[in-house]
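# Descriptive analysis of the structure
As a plain string of letters, each chain reads:
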Amino acid sequence: MSRAAEPVPEPASAAGAARLSDVVRLLERRYPPGLAESWDAVGTVCGDPDQPVRRVLLAIDATTAVVDEALEWGADLLWTHHPLLLRAVHGVAATTSKGAAVHRLVRGGCALHVTHTNADAPDGGVPDALAAALGVGDRAPLVPRPTEPLDKVVVMVPVADEERLVDALAAAGAGAIGEYHRCAWTTTGIGTFVPGERAEPAIGERGFVTRIEEARVEMVAPRRLRDGVVAALRATHPYEEPAFDVLELASFAGRSGGGRVGDLPAPMTLGDFARRVAQVLPPTAQGVRVAGDLAAPVRRVAVVGGSGDSFFDAVRSSGADVYVTGDLRHHPALELRERARFEAAREGRVPEDGRPFLVDVAHSASEWPWLARAAADLADDVRALGTTVETRVSAVRTDPWTAHVPSPTGGQP
């Protein structure tokens with residue numbers, strides 16, 4: 001059973017533009033804020049929920065040049081991956097570069113919304129787009145998140161009250177499975193009970209055996225909604241003491257999570273794969289760095305968008321031949337490669353064949369493929385509301401490095 005679906009915004013009129021609040025609900029449906037890391041700062045930074053949104057500019061960072069582009073194009077919403085205000089601030093005075101950016105966006109009527117680590121986890125998010133761009137298929141999360149904890153609510157109710165009870169439980173959040181709502185399973189049987197002397201039975205008489213045809217209703221619900229679901233059950237059920245169970249269901253790995261791992265259609269050399277990475281991602285001063293034997297064949301690929309050396313243990317466990325990410329630091333990368341060489345030698349292989357190999361790219365470059373996918377998804381989602389929005393991926397490269405000077409050949413290593 002998948003995560004309970006979030007409510008879909010009400011359709012907008014065909015003639016009117018979507019409101020910012022409509023667009024934000026759509027974004028939060030694909031990229032739930034609850035998936036963001038605790039240290040992150042995601043959501044709407046500035047903007048009026050009722051303002052119309054006709055043009056959306058997507059970018060990795062809200063730099064001065066990106067804000068210029070958004071305002072010159074007439075964007076109503078700038079949607080970025082990286083937060084402008086990641087660390088807590090006590091003001092946004094225009095005397096700072098970030099404060100000035102916020103002031104300019106507000107004056108220009110352009111909202112700012114951020115989906116950061118909550119876009120790294122879902123199916124179709126940043127790592128999924130990177131893996132797809134590199135030709136990696138059969139993708140699965142590198143570090144899967146468990147599915148949301150679920151309860152199964154089982155209740156016995158007179159057949160005549162079955163539909164009303166199912167409606168009430170559904171309104172409280174039960175019975176939502178993926179894109180399906182009001183999901184329930186029922187069967188019928190005979191219930192029997194004897195009301196006590198102080199009972200006030202809705203059916204039957206005190207001191208006498210009562211037999212009645214009842215429906216057994218089963219519905220799942222997110223565990224976080226348990227109190228509300230049980231309250232709705234008690235309020236709707238005709239019995240003074242309804243019979244029900246709340247069972248905690250086992251959790252399992254879901255389709256969301258950090259990074260992605262999968263396979264290329266056919267093996268290729270590490271060198272050819274690195275060249276594919278360089279061709280697919282936007283050019284940067286850093287280019288593509290490789291650690292490993294360029295002639296070695298690779299097929300299984302792990303990827304993480306952004307900074308990924310904290311995922312090394314998961315990469316090793318995944319059996320990946322090569323790992324693509326950004327911002328690899330000297331010590332973690334060196335230790336990984338040393339361990340890979342050591343273990344290869346112990347297994348009787350040449351140390352140079354120790355896996356995983358590493359492909360290091362610029363941070364923003366690894367996240368770039370997601371922008372086009374996210375833009376297309378948003379346009380589709382808004383169209384389902386009965387209106388349209390024009391999306392554009394920013395042409396500004398926000399990688400901070402501007403030049404690369406190759407080391408001279410020969411000389412001291």
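A brief look at the structure comes next. Because the structure is predicted, anything quoted here is derived from the model rather than measured. (Residues numbered from 1 in each chain as written. Predicted model: local features only at pLDDT ≥ 70, side-chain atom pairs only at ≥ 80, totals over all residues. Heavy atoms only, no water.)

## Remarks on the overall build of the protein
Rules: Elements are defined by DSSP. Helices are runs of H or I of four residues or more, strands are runs of E of two residues or more, and each kind is numbered from the N terminus. Taken over C-alpha atoms, the radius of gyration is set against a globule rule of 2.2 Å times the number of residues to the power 0.38. The cut-offs for exposure are 20% and 50% of the maximum accessible area for each residue type, with area from a 1.4 Å probe on protein chains only; residues under the lower value are buried, those over the upper are exposed, and the others partly exposed. For this analysis, residues touch if any pair of their heavy atoms sits within 4.5 Å. To be clear on the numbers: accessible area is Shrake-Rupley with a 1.4 Å probe, and residue cover counts the displayed protein chains and nothing else. For the charge count, each Lys or Arg is scored as positive and each Asp or Glu as negative, with His and the chain ends excluded. Positions of charges follow a simple convention, taking NZ of Lys, CZ of Arg, CG of Asp or CD of Glu.
When helices and strands are tallied, the protein shows 10 helices and 17 strands. Taking 413 residues into account, the globule formula puts the C-alpha radius of gyration at 22 Å, and the protein, at 27 Å, lies well above it. Taken over the C-alpha atoms alone, the protein extends approximately 100 × 65 × 40 Å along its principal axes. Across the 413 residues of the protein, 46% fall into the buried class. For the protein, the share of sequence-separated contacts (at least 6 apart) that also reach a separation of at least 24 residues comes to 74%. Accessible surface, the protein: about 20900 Å² in total, of which carbon and sulfur atoms supply 53%. Both charge centroids of the protein, one from 43 positive and one from 55 negative side chains, sit 4 Å from each other.

## As for the pairing of strand β8 (residues 150–158)
Note the threshold: Two strands are counted as paired when DSSP detects at least two bridges linking them.
With respect to burial, β8 is a largely interior element, 7 of its 9 residues being buried. One ladder, built from 9 bridges, connects β8 with strand β10 (residues 210–222); its direction is antiparallel. Note that in β10 the partner of M156 across the bridge is R216. As judged from the 5 bridges shared by β8 and strand β11 (residues 244–248), these two strands associate in the antiparallel manner.

## Describing the packing of aromatic side chains
Each aromatic ring pair is characterised by the separation of its centres together with the angle its planes make. Applied cut-off: Note on aromatic pairs: the rings of Phe, Tyr and Trp (six-membered ring only in Trp) are paired at centre separations within 6.5 Å, and the planes decide the class, stacked below 30 degrees, edge-to-face beyond 60, tilted for the rest. Here, over-ring charges are defined by two tests on the NZ atom of lysine or the CZ atom of arginine: distance to the ring centre within 6 Å, and angle to the ring normal within 35 degrees.
In the structure shown here, the tally under the stated rule is 5 aromatic pairs. Ring geometry for W79 against W370: centres 5.6 Å apart, planes inclined by 85 degrees, an arrangement best described as edge-to-face. Here W79 is found in strand β5 (residues 77–80), whereas its partner W370 is found in helix α10 (residues 363–383), with 291 residues between them in sequence. Taking the ring centre of W368 as reference, the NZ or CZ of R397 above it sits at 4.5 Å.

## Comments concerning unusual backbone geometry
Going from R355 to P356, the amide bond is cis rather than trans, its omega being 10 degrees. When you line up the elements, P356 lands in the loop between α9 (330–346) and β16 (357–361). Backbone geometry at D138 places phi at a positive 50 degrees, although glycine is not the residue there. Position of D138 relative to the elements: it lies in strand β7 (residues 137–146). Note on D138: relative accessible area 72%, which makes it exposed. The phi torsion at D327 lies on the positive side, around 60 degrees, for a residue other than glycine. With respect to the helices, strands and loops of the structure, D327 is situated in the loop between β15 (322–326) and α9.

## Let's talk about the nonpolar core
Put simply, the rule is: Here, the term nonpolar core denotes a set of buried Ala, Val, Leu, Ile, Met, Phe, Trp, Tyr and Cys residues that are joined through side-chain atoms within 4.5 Å.
Among the nonpolar cores identified, the biggest contains 26 residues, and V56, W79, W370 and L378 are the most heavily contacted of them. Looking at this core, the elements with two or more residues in it are α1 (20–30), β4 (55–59), β5, α4 (126–133) and α10. Top element by residues in this core is α10. It accounts for 7 residues. With residues near it in sequence (within four places) discarded, W370 still touches Y31, W79, H81, T115, A119, G124, G125, V126 and A129. Among the nonpolar cores identified, the runner-up in size contains 21 residues, and L134, F273, V298 and V361 belong to it.

## Digging into helix α6 (residues 226–236)
The condition that has to hold: To obtain the arc, one takes the directions from the helix axis to the C-beta atoms.
Restricting attention to buried positions, one finds in α6 the residues V229, V230, A232, L233 and T236. Along the axis of α6, the buried residues cluster in a sector spanning 160 degrees; they form a single face. When the buried face of α6 is taken as reference, the exposed residues oriented beyond 90 degrees from it are D227 and A235. At its buried positions, α6 is contacted by β8, α5 (162–171), β10 and β11.

By themselves these figures say nothing about function.
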